[in-house]
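Descriptive structure summary
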Amino acid sequence: MTEKHSYDVVFVGGGVIGLACAWRAAQRGARVAVLERAEPPAGATNVAAGMLAPVGELTFGEPELLELTLASSRLYPEFVAELEAATGESAGYARQGSLHVALDRDEAAQLRRVHDLQRSLGLEAEWLAPRQCRRLEPGLTPSFNGGVHAPGEASIDPRALVGALAAALSAAGGELRTGSEVVDGIFDGERLAGVRTAAGEELHAATVVLANGAWPGQTAWLPEHARPPVRPVKGEVLELRGRDGAPPPAERILASERVYLVPREDGRLIVGATVEEQGFDTTVTAGGILELLREAYRLLPDVAEMEMVGSLAGLRPGTPDNLPLIGPGAIDGLVLATGHFRNGILLAPLTADAVSTLLAGETPSPAAALANPARLSFSTDSERKLNRASDPAIVAR
Ligand code: GLY
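Let me sum up the structure you'll find in this document.

Conventions and cut-offs
- Residues numbered from 1 in each chain as written.
- Predicted model: local features only at pLDDT ≥ 70, side-chain atom pairs only at ≥ 80, totals over all residues.
- Heavy atoms only, no water.
- Helix = DSSP H or I, 4+ residues; strand = E, 2+ residues; numbered from the N terminus.
- Rg over C-alpha atoms; globule rule 2.2 N^0.38 Å.
- Buried < 20%, exposed > 50% of the residue type's maximum accessible area, 1.4 Å probe, protein only.
- Contact = heavy atoms within 4.5 Å.
- Areas by Shrake-Rupley, 256 points an atom, 1.4 Å probe, with all protein chains shown as cover.
- Lys, Arg positive; Asp, Glu negative; His and termini not counted.
- Charge placed at Lys NZ, Arg CZ, Asp CG, Glu CD.
- Near = heavy atom within 4 Å.
- Polar contact = N/O pair within 3.5 Å; in protein donor to acceptor, adjacent residues only side chain to side chain.
- Nonpolar A, V, L, I, M, F, W, Y, C, P; charged D, E, K, R; others polar.
- Axes fitted to C-alpha atoms, helices over the stretch in contact; angles between N-to-C directions.
- Parallel < 35°, antiparallel > 145°, perpendicular 65-115°, else oblique.
- Phe/Tyr/Trp six-rings, centres within 6.5 Å; stacked < 30°, edge-to-face > 60°.
- Lys NZ or Arg CZ within 6 Å of the ring centre and 35° of its normal.
- Expected span 1.5 Å × (residues − 1).

1. Description of the overall build of the protein
Helices and strands together make up the secondary structure of the protein, namely 11 helices and 18 strands. Its C-alpha radius of gyration of 21 Å places the protein within 12% of the 21 Å reference for a compact globule of 397 residues. Seen through its principal axes, the protein has C-alpha atoms that stretch 70 × 50 × 40 Å. Going through the 397 residues of the protein one by one, you find that 54% of them count as buried. Taking the intrachain contacts of the protein between residues at least 6 apart in sequence as the baseline, contacts between residues at least 24 apart amount to 74%. Surface exposure of the protein reaches about 16,600 Å², of which carbon and sulfur atoms provide 50%. Computing the positive centroid from 36 side-chain charges and the negative centroid from 51, the protein places the two 4 Å apart.

In structure tokens form, the structure reads like this:
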């Protein structure tokens, strides 16, 4: 016999976005369940370095993304404090600042332009000569052309964050169902009224929130026009560790044009990340590792002394305009919380506030409104197909 359950909201996807949204919704009194086909931490969350660095990661021509990332980074200290108080678990948050370094003259010219943009936007960032950079981070390579210090930037351990979110969700009365793969939608006319799982359960809900990262395009149980235009963008990362309990050879987030290094308090150093349009491939390649190690070594030679812990590849959920999709989907009963591309960890607090606000029938913040999926309704069919070309389910059609 089919097992039937009833909730106010079902979240498809138990990464940082699904869990954070569900926690906030449960805090507002909603009966929620999160369905995760694997065991958290999974998906992009498990691979993410956890940089909370909107200033250092600033790119030209993306003012809306900057508004979103700055707004979410301002929410982070309170979000983490509340989470840690609710669970007694550390989320590995550290406000250690970041230092972006130019390794040659070309990189220096590029970094100067980014720094001019940072200053014109009033962001907290200072240009430092090599000597000043090395005073902050003595392990830096002996020869480089200056850097930009952003003292307010932070990082978090995404795996610890997910653990704390799962505990907070449970404490707030929400359910996390792992090993639970959604295979079908339940429809009431044209309205999405719940989902069915591979195990044959029916979960009825007033709203289904799609928070399944890079996989919304493959959500065959939704009508085609309701599948969001998200494509997978592969990223490979490495995990190193100080030997015999030694701390990492850098205190701050370090970055050059081609690599970033994120130290953790437990002695690990995360080296990231490649950016590859390879569809749903998650193979760790020799070329990817070579590139990451070579660039990490150019920046911080002491990495050569560290223990190699492992390597991983994950899939970022990319969208046509690099902005996430947060808000009503294309059919009644569906809400989207996906498409966070390179900023899923950073945008979790803002996304969670926006989705829980929307679910409560209120209006999300002006920053969150920038991510409303309705903005993409102008996109033509061919643009949507182009963006989803790496989705085998789409190509086969
Ligand atoms: N946020 C860093 C990355 O996507 O690689």
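Having seen the structure, we can now continue with the description.
2. Overview of the site of the ligand
Glu 57, Tyr 260, Ala 273, Arg 316 and Arg 342 make up every residue found near the ligand. Contacts to the ligand include Tyr 260, whose side-chain N or O atom sits 2.6 Å from an oxygen atom. One nitrogen or oxygen atom from the side chain of Arg 316 is found 2.7 Å from an oxygen atom belonging to the ligand. Isolated, the ligand exposes 200 Å² of accessible area, and the fraction of that covered by the protein chains is 86%. Here the residues of the shell around the ligand are counted per class, giving two nonpolar, no polar and three charged.

3. Describing the packing of helix H3 (residues 63-87) against helix H8 (residues 348-359)
In the contact formed by H3 and H8, the axes pass within 7 Å of each other and the chain directions differ by 90 degrees. Taken as axis vectors, H3 and H8 run roughly perpendicular relative to one another. Where H3 approaches H8, its residues Leu 68, Ala 71, Ser 72, Leu 75, Tyr 76 and Phe 79 are matched on the opposing element by Ala 348, Pro 349, Leu 350 and Asp 353. Split into classes, the residues belonging to the contact of H3 with H8 amount to eight nonpolar, one polar and one charged.

4. Notes on the packing of aromatic side chains
Within this structure, the stated rule accounts for four aromatic pairs. Ring geometry for Tyr 76 and Phe 79: centres 5.6 Å apart, planes at 75 degrees, overall edge-to-face. Residue Tyr 76 and its partner Phe 79 are located together in helix H3, separated by three residues, close to a single helical turn. When the ring of Trp 215 is compared with that of Phe 280, the centres are 6.0 Å apart and the planes differ by 40 degrees; the resulting orientation is tilted. Of the two residues, Trp 215 is situated in the loop between strand S11 (202-210) and strand S12 (231-241) and Phe 280 in the loop between strand S15 (268-272) and helix H7 (286-299); the sequence distance between them amounts to 65 residues. Grouping aromatic residues by their ring pairs yields a cluster made of Trp 23, Tyr 76, Phe 79 and Tyr 93. Over the aromatic face of Trp 215 sits the side chain of Arg 37, whose NZ or CZ is 4.8 Å from the ring centroid. The side chain of Arg 112 reaches across the aromatic face of Trp 127, ending 3.8 Å from its centre.

5. Quick look at H8
For H8, built from 12 residues, the straight-helix expectation of 16 Å at 1.5 Å per residue is met to within 8% by its first-to-last C-alpha distance of 16 Å. Counting buried positions along H8 yields nine of 12 residues, so the element is predominantly enclosed. Inspection of H8 places Ala 348, Pro 349, Leu 350, Thr 351, Ala 352, Ala 354, Val 355, Ser 356 and Thr 357 among the buried residues, and these make up the whole buried set. Directly after H8, the chain includes Gly 361, whose backbone phi takes a positive value near 80 degrees.

Bear in mind that shape data such as this cannot, by itself, settle questions of function.
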